[in-house]
Amino acid sequence: DLVLKCFGNKGLVITSFNDNSVKFIKENYPELKVGLLLGKEKPKNVVLVRFSELFPANRLRNTKADFLAPHSRLLKFGFLQRANKSRIPLFVWGIKDKKAIISLLKKDGVEALIVDNLDDAISSNKSVL
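Residues numbered from 1 in each chain as written. Predicted model: local features only at pLDDT ≥ 70, side-chain atom pairs only at ≥ 80, totals over all residues. Heavy atoms only, no water.

Enquirer: I'd like to hear about the nonpolar core, residue by residue, with values.
Expert: In terms of nonpolar packing, the biggest core is built from 25 residues, with Leu-32, Leu-68, Leu-90 and Val-92 touching the most fellow members. When contributions to this core are tallied by element, the ones reaching two or more residues are α2 (19-28), β2 (33-38), α5 (79-85), β4 (90-95) and α6 (98-105). If near-sequence neighbours (up to four positions away) are discounted, Leu-32 is found in contact with Leu-4, Asn-9, Leu-12, Ile-14, Ile-25, Lys-26 and Asp-66. (Core = buried A, V, L, I, M, F, W, Y, C linked by side-chain atoms within 4.5 Å. Buried < 20%, exposed > 50% of the residue type's maximum accessible area, 1.4 Å probe, protein only. Helix = DSSP H or I, 4+ residues; strand = E, 2+ residues; numbered from the N terminus. Contact = heavy atoms within 4.5 Å.)

Here it is, written out as structure tokens:
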């Protein structure tokens, strides 16, 4: 409520690793764009968590998230192809270098990049255009 009061909902995007938080926000604020973050560092049950991140269809359906926000390392193993086939928008995070930014900007299904270095992102965007 405080965020909405200060910033309004236009252009506001919220992400969370927590499925219950994403679901709560979508149920109570359906006008907000909400994404499910994937790629949590050092999860308690690594095998179960990684499997649910590489194949997140049930989590996406249960949370009613608008998009998935996978860490860039999860794009291996056919993740991007499965997301594209299901028409799931992606906001990719954890991108560390200019070369990766340029590569991801060219990929179908990647709607947004969440970057650590804005200067690299800006110069990469100009070189792609």
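Enquirer: Please give an account of the environment of Trp-93 that cites residues and values.
Expert: Residue position: Trp-93 is located in strand β4. For the pair Trp-93 and Pro-70, spaced 23 residues apart in sequence, the C-alpha to C-alpha distance is 6.3 Å. What Trp-93 contacts, discounting residues up to four positions off in sequence, is Phe-17, Leu-37, Leu-38, Gly-39, Ala-69, Pro-70, His-71, Ser-72 and Ile-114. Within the structure, the side chain of Trp-93 is placed 3.0 Å from the backbone oxygen of Ala-69, a separation counted as a polar contact. (Polar contact = N/O pair within 3.5 Å; in protein donor to acceptor, adjacent residues only side chain to side chain.)

Enquirer: Just give me the short version of unusual backbone geometry, but keep the residues and values in it.
Expert: Here the phi dihedral of Lys-64 falls at roughly 65 degrees; this positive angle occurs in a residue that is not glycine. With a phi close to 55 degrees, Arg-87 is a non-glycine residue in the positive phi region. Among the structural elements, Arg-87 can be located in the loop between α5 and β4.

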